[in-house]
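This is what each chain is made of:
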Amino acid sequence: FHSKLNNVAVSIFTEMSMLANQHGAINLSQGFPEFDTPELLKSTVNEFIASGKNQYAPSIGTPELLAQVEQLIHRQYAMPLNPGQSVTITSGATEALWCAIQTLVTSGDEVIVFDPAYDSYEPAVALAGGRCIHIPMLAPDYKIDWQQVEEVITNKTKAIIINSPHNPTGTLLTEQDMQTVEKLVWENDLYLISDEVYEFITFDGRQHESVLRFPKLFERSLVVSSFGKTFHCTGWKLGYCTAPPELTDEFRKIHQYVTFASFTPAQLGIAKMLQQEPSHITELAGFYQSKRDCLVNALQDSRFKLLNSQGTYFLLVDYSEISQKSDRDFCHWLTKEKGVAAIPLSPFYENQTSDKIVRLCFAKNENTLLNAAEKLCQL
Ligand code: PMP
Ligand code: GLN
């Protein structure tokens, strides 16, 4: 039997969460909120289930949710969309990424990704018959070296995948980055996949430079979003892809045969939530900023060196003063012996990194963050 994904093992998120559970460690590894989805959203989804909205949604998404998302995009980014032809609801950002990659990538194509890169990109590109070309971003700023990008572009290059706010580093792309990528994409006849699942979580007044603020770039882009991050419901697996009509047509053909449609009651519930409580989204950045600050303050007296988290719900910490173990060994030791689980960054690199840096998730209650920090301060 020939494995199509020879080098793929169980994901680092599964590995670390299992280890945390086995050892009763505080789980700051896999990224998911400890707190619940808003009451209004829970009760409306329950009502839709109780009133029998339990059959297939239209493949592209329910009209109610599509209309709310179009309005949200207009409010947030002032991007005028072709109504009904630009947004497709998917089963999580993971499905949206999968379908976006299938839309663009054919056998022999090259796709440029930036390491540390989210773990679903590479297998999806490989299964589409393509190959990822990895460009490293360097600690502690993790800036993209666009000169290097230009140098690896060949006639096989089909697409670039960007991710801002960035998991796992918590960095943001700037307006200048977006202008540069726009130029590269047009000059080289490329497409862009923009993973923006943390779009509403940016700190210290920073603006998220969505592709949806750049009309010319958007013409060659598929933009991926996730309701799981925005409404604290990662278990519902609901997201969407925004793209110009021609790309959306192709995307929808694929989505139709991957999942066909996504969970109806949650689509209807989120539509109501977006309409009745738009403040949830505008308050999200402040909500997570105070959690980041809580963790950062509590780690001030530790021997970890803290990197700067500009967005997402992740904070990177450098443990080189504490241990010289590899990042994976350090995370296992920390989970088993010290009761705190974190995520090593090496699984997100093509070439092994010797950085002594791990990721902590602060989408947790304050008590949890303080308890974890107390343990970390003892190292
Ligand atoms: N992209 C990034 C960068 C993520 O962090 C995540 C979630 N961890 C996803 C995509 C997938 O999102 P979803 O859970 O909606 O499939
Ligand atoms: N995206 C989440 C994280 O970065 C995990 C998603 C998953 O478990 N696949 O931790």
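One structure accompanies this document, and this report is about it. Computed from a predicted structure; not experimentally measured.

Side note on the environment of methionine 178
As for its position among the elements, methionine 178 is in helix α7 (residues 175-187). In this structure the C-alpha to C-alpha distance between methionine 178 and leucine 212, which are 34 residues apart in sequence, comes to 11 Å.

Topic: helix α15 (residues 366-377)
With twelve residues, α15 should reach 16 Å at 1.5 Å per residue; the first-to-last C-alpha distance of 16 Å fits that figure. Here α15 has its buried residues at Leu369, Ala372, Ala373 and Leu376. Relative to the axis of α15, the buried residues are bounded by an arc of 100 degrees and lie together on one face. Contacts made by the buried residues of α15 are with β1 (26-27), α13 (284-298) and β11 (340-341).

Concerning the site of ligand 1
Taken together, 14 residues form the shell around ligand 1, and within it Gly92, Ala93, Thr94, Asn167 and Ser226 come nearest. Per element, the largest residue contribution to the shell around ligand 1 is three residues, and it comes from helix α4 (residues 92-104). In the shell around ligand 1, the residues fall into three nonpolar, nine polar and two charged.

As for the nonpolar core
Counting residues in hydrophobic clusters, the biggest one holds 104 residues, and the most contacted among them are Ala100, Val224, Cys241 and Ile270. Counting only domains with at least three residues in this core, you end up with domain 1 (12-37 + 282-377) and domain 2 (39-276). Those residues in contact with valine 224, other than ones at most four positions away along the chain, are Ala93, Ala96, Leu97, Ala100, Ile193, Ser194, Asp195, Glu196, Val197, Gly239 and Cys241.

Examining the pairing of strand β4 (residues 131-136)
Looking at chain direction, strand β3 (residues 110-115) and β4 are connected through six bridges and run parallel. Within the sheet, the bridge partner assigned to valine 113 lies in β4 and is histidine 134. In this fold, β3 hands off to helix α5 (residues 121-127), which returns the chain to β4; that crossover is right-handed.

Remarks on the sheet that holds strand β2 (residues 87-90)
On the basis of which strands lie adjacent, the open sheet formed by seven strands has the order β2-β8-β7-β6-β5-β3-β4 and mixed pairing. The open sheet terminates on both sides in strands that have one partner only, identified here as β2 and β4. Within the sheet, the average angular offset between the axes of one strand and its neighbour, ignoring direction, is 20 degrees. As defined by bridge partners, strand β5 (residues 157-163) adjoins strand β6 (residues 191-195) across five bridges and the pair is classed as parallel. Directly across from isoleucine 161, in β6, lies its bridge partner isoleucine 193. Its contacts with the sheet place α4 against β2, β5, β6, β7 (221-226) and β8 (239-242), and it is angled at close to 165 degrees to β7.

Details of the pairing of β5
Taken across its seven residues, β5 has six buried, putting it largely inside the fold. Pairing geometry for β3 and β5, over three bridges, is parallel. Note on β5: the bridge partner recorded for isoleucine 112 is isoleucine 160. With respect to chirality, the unit in which β5 leads through α7 into the neighbouring parallel β6 is right-handed.

Structural notes on the site of ligand 2
Surveying the vicinity of ligand 2 reveals the residues Ser11, Phe13, Gln30, Gly31 and Asn167. Grouping the constituent residues of the shell around ligand 2 by class yields one nonpolar, four polar and no charged.

Looking at helix α14 (residues 327-338)
Of the residues making up α14, those classed as buried are Asp327, Cys331, Leu334 and Thr335. Down the axis of α14, the buried set is contained in an arc of 90 degrees. They therefore lie on one face. Looking at α14, the residues exposed on the side facing more than 90 degrees away from the buried face are Asp329, Trp333 and Glu337. Contact partners of the buried residues in α14: α1 (12-23), β11, β12 (343-344) and β13 (357-361). In the segment just after α14, glycine 339 is the residue with positive phi, at about 80 degrees.

Thresholds, definitions, all that
Residues numbered from 1 in each chain as written. Chains lettered and ligands numbered in written order. Predicted model: local features only at pLDDT ≥ 70, side-chain atom pairs only at ≥ 80, totals over all residues. Helix = DSSP H or I, 4+ residues; strand = E, 2+ residues; numbered from the N terminus. Expected span 1.5 Å × (residues − 1). Buried ≥ 20, exposed ≤ 12 C-beta atoms within 10 Å, placed from the backbone. Arc of directions from axis to C-beta. Contact = placed C-beta atoms within 7 Å. Near = placed C-beta within 6 Å. Nonpolar A, V, L, I, M, F, W, Y, C, P; charged D, E, K, R; others polar. Core = buried A, V, L, I, M, F, W, Y, C linked by C-beta atoms within 7 Å. Domains from an automatic or database assignment. Pairing = 2+ DSSP bridges. Right-handed = clockwise from strand over helix to strand, strands pointing away. Axes fitted to C-alpha atoms, helices over the stretch in contact; angles between N-to-C directions.

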